[in-house]
Amino acid sequence: MTGESILVVEDNGVIALQIQELLVENGYRISGTTAFGEEAVMMAEKKPPDLICMDIELMGKIDGIETARMIHEHADIPIIYLTAYSDNKRFDRAKETVPYNYIVKPFNERELLASIEMALYRHAIDQRLRETIERYQAIVDNAAEGILVVSSGTRTILEANPALIQLLGYTGQELSGMNISDIIVHPGEEGGEWIGQIFSPDGWSGEVQFRCHDGSLRDVELTSRIIHRDGEPAISCVVAHDITERKLAENAVRQANTKLNLLSGITRHDINNQLVALRGYLALLEMKQYDSAFPAYLQNAKAAAERIAAMIRFTKEYESIGINAPLWQDCRTLVETAAQEIPAGSVAVKNDIPAATEVFADPLIIKVFYNLIENAVRYGGKITTIRFSVQESRINPRIICEDDGDGIPVEAKEKIFVRGFGKNTGLGLFLSREILSITGITIRETGEPGVGARFEIQVPAGSFRM
């Protein structure tokens, strides 16, 4: 004992005095005495003691059990009941306040002193344990990684931390009680038998996918460890690291390298063909004296040279695809930026895309919106309005660009994305499709000829957010 303070709440003055003398003789301090529950509540709040010896039958309007309940609402103070009553009804009520002991009068002095010392010791241990639990709970709650606690026997989810709840899109209540197989998908494996590996004695690590509340899939690195408990079923602690954006970026790099290799071969072939033509026309000019065919030869030579220059310009633009890592791009801002760079004249550009609508795409996606607006203004004919909007969907959200111009002929709807097709260089829409495909985004034209063009940019669920 180290001089701990004790509040004595006892309606019998003689017993109260006996308790005080006993405690002081044994090195304790008396923080106060009272026979009224209401006064005990105020005393404990004003000057909290280290322990309370509480009689159940008190003067005033509330008894000792209700007094203890009120004290515990604002303070964590260990309580020992001292009472002449031991009936089951009182005992059951007293248990609800979680006392450290329940001593029936008349009590033995050694019994009381032992109970007080044990209560103070247990309370100190409980406080340290509570602090440890709170510290670890704070770590779990603030961890950037998703954490699941799962029953190893039933595979039922027992608890999830905020990071995992946010990742999956469920509430904590919705997750509690779900089977872990409801949210985990192993790419390429059917039946879910592999899930048993998560509960193996040595734990498990690997890449899987989480099925989110909205139906989308997120790539995660999963690590599990079994926690054995004495007399209790084992549980598994599952830690999930979201690698979706890393996987998207890796796929984008692979796509970019593939496309650059393909472009290199195609461009060398096309430029070589144009150089052959150019050399042929120049050779004809050298072999002939001036005649009426000269202007045509010169024009063809100039056209071949211009095509070579256009290919080189295109190559410069194309080689930029995939150089920078894909990022989350704000679509509304992209439309506004592109619209400001193009002299649209009398054509109105309406931006109905909600703020903070984002797609995961190559940074060159700004060229896609630029090309859509430029093509509409240049080739739309009777066009007066270009409108951008979003068509929300859990699986395949879409960005829509539509106008009220002449539209695209049915036979040209797919050809407009082919390199070299069109009235100008035929590279704009081809380049747009290539930029989008880096992160799995597709584009197609679905408008009605004579009514207007309509381009649908379809985004994978994992590459779209609002």
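In what follows, the structure referred to is the one given above.
This section reports on the structure supplied with the text.

Rules used throughout
Residues numbered from 1 in each chain as written. Predicted model: local features only at pLDDT ≥ 70, side-chain atom pairs only at ≥ 80, totals over all residues. Heavy atoms only, no water. Phe/Tyr/Trp six-rings, centres within 6.5 Å; stacked < 30°, edge-to-face > 60°. Helix = DSSP H or I, 4+ residues; strand = E, 2+ residues; numbered from the N terminus. Buried < 20%, exposed > 50% of the residue type's maximum accessible area, 1.4 Å probe, protein only. Lys NZ or Arg CZ within 6 Å of the ring centre and 35° of its normal. Pairing = 2+ DSSP bridges. Contact = heavy atoms within 4.5 Å. Axes fitted to C-alpha atoms, helices over the stretch in contact; angles between N-to-C directions. Parallel < 35°, antiparallel > 145°, perpendicular 65-115°, else oblique. Left-handed = near helix turned anticlockwise from the far one by under 90°. Nonpolar A, V, L, I, M, F, W, Y, C, P; charged D, E, K, R; others polar. Arc of directions from axis to C-beta. Polar contact = N/O pair within 3.5 Å; in protein donor to acceptor, adjacent residues only side chain to side chain. Expected span 1.5 Å × (residues − 1). Salt bridge = Lys/Arg side-chain N within 4 Å of Asp/Glu carboxyl O.

Some details on the packing of aromatic side chains
Next, step 1: Going through the model one piece at a time under the given rule, you end up with 5 aromatic pairs.
Next, step 2: With a centroid separation of 6.1 Å and an interplanar angle of 65°, the aromatic rings of Y81 and Y102 are classed as edge-to-face. In this pair, Y81 is assigned in strand β4 (residues 79-83) and Y102 in strand β5 (residues 101-104), connecting sequence segments 21 residues apart. Note on accessibility: Y81 and Y102 belong to one class, buried.
Next, step 3: Aromatic side chains F369 and F388 sit 5.8 Å apart centroid to centroid with 45° between the ring planes, which places their arrangement in the tilted category. One end of the pair, F369, is in helix α11 (residues 365-379); the other, F388, is in strand β15 (residues 385-391), and 19 residues separate them in sequence.
Next, step 4: Its relative accessible area of 0% is what places F388 among the buried residues.
Next, step 5: One aromatic cluster is present, formed by Y81, F91 and Y102 through successive ring pairs.
Next, step 6: The aromatic ring of F417 is capped on one face by R433, whose charged end is 4.2 Å from the ring centroid.
Next, step 7: Geometry around W328 places R465 over its ring, the cationic atom sitting 4.0 Å from the centre.

Thoughts on the sheet that holds strand β14 (residues 358-361)
Backbone hydrogen bonds hold the strands of a sheet together, and the pairing may be parallel or antiparallel.
Next, step 1: Across the sheet, which stays open at both edges, the 3 strands sit in the order β12-β14-β19 with antiparallel pairing between neighbours. At either margin of the open sheet sits one strand with a lone partner, and together these are β12 (327-330) and β19 (464-465).
Next, step 2: Summarising the sheet, β14 and β19 pair through 2 bridges and their orientation is antiparallel. Residue V359 lies in a different strand from β19, and its bridge partner there is F464.
Next, step 3: Lying on the sheet, helix α10 (residues 331-341) is in contact with β12 and β14; it crosses β12 at an angle near 60°.

Structural notes on the packing of α11 against helix α12 (residues 428-437)
Next, step 1: In the contact formed by α11 and α12, the axes pass within 9 Å of each other and the chain directions differ by 150°. In terms of orientation, α11 and α12 fall into the roughly antiparallel class. The two elements α11 and α12 meet at a crossing, and its hand is left-handed. Residues I365, K367, V368, N371, L372 and N375 of α11 touch α12, and the partners they reach there are G428, L429, L431, S432, I435 and L436.
Next, step 2: When the residues that make up the contact of α11 with α12 are grouped by side-chain class, the tally is 7 nonpolar, 4 polar and 1 charged.

Here we look at α10
Next, step 1: Taken residue by residue, α10 has C331, L334, V335 and A338 as its buried positions. Considered in projection along α10, the buried side chains sweep an arc of 95° and stay on one side of the axis.
Next, step 2: Along its buried surface, α10 packs onto β12, β13 (348-351), β14, α11, β15 and β16 (398-403).
Next, step 3: Measuring from the side-chain oxygen of the N-cap residue of α10 to the backbone nitrogen of R332 gives 3.1 Å; that N-cap residue is D330.

A short note on α11
Next, step 1: With 15 residues, α11 ought to run about 21 Å at 1.5 Å a step, and its terminal C-alpha atoms sit 21 Å apart, in line with that.
Next, step 2: Taken residue by residue, α11 has I365, V368, F369, N371, L372, I373 and A376 as its buried positions.
Next, step 3: Positioned one or two residues after α11, G381 has a phi angle of 70°, which is positive.

Observations concerning the sheet that holds strand β11 (residues 232-242)
Next, step 1: One open sheet holds the 6 strands; their spatial order is β7-β6-β11-β10-β9-β8, and the pairing between them is antiparallel. Bordering the open sheet on either side are β7 (157-160) and β8 (184-185), each of which pairs with just one other strand.
Next, step 2: Here β8 pairs with strand β9 (residues 204-211) via 2 bridges, running antiparallel. By the bridge assignment for β9, V185 is matched with Q209.

Points about the environment of H74
Next, step 1: In this fold, H74 is placed in the loop between α3 (64-72) and β4.
Next, step 2: Separated by 33 residues in sequence, H74 and V41 place their C-alpha atoms 9.7 Å apart.
Next, step 3: Other than its neighbours up to four places away in sequence, H74 contacts V41, A44 and E45.

Some thoughts on the pattern of salt bridges
Next, step 1: Enumeration according to the criterion identifies 23 salt bridges in this entry.
Next, step 2: The partner of K95 in a salt bridge is D92, with the nearest N and O atoms 3.6 Å apart. Within this pair, K95 and its partner D92 are both found in helix α4 (residues 88-95), separated by 3 residues, close to a single helical turn.
Next, step 3: A cluster of three or more residues bridged by salt bridges with shared partners is formed by D352, R387, R398, E402, R444, R454 and E456.

Focus on the packing of helix α1 (residues 13-25) against helix α5 (residues 109-142)
Next, step 1: The contact between α1 and α5 brings their axes to 11 Å, and the two run at 65°. You can see that α1 and α5 cross each other, and the crossing is right-handed. Counting all contacts with α1, which are made through I19, L22 and L23, the residues of α5 involved are E109, L112, L113 and I116.
Next, step 2: A per-class count over the contact of α1 with α5 returns 6 nonpolar, no polar and 1 charged.

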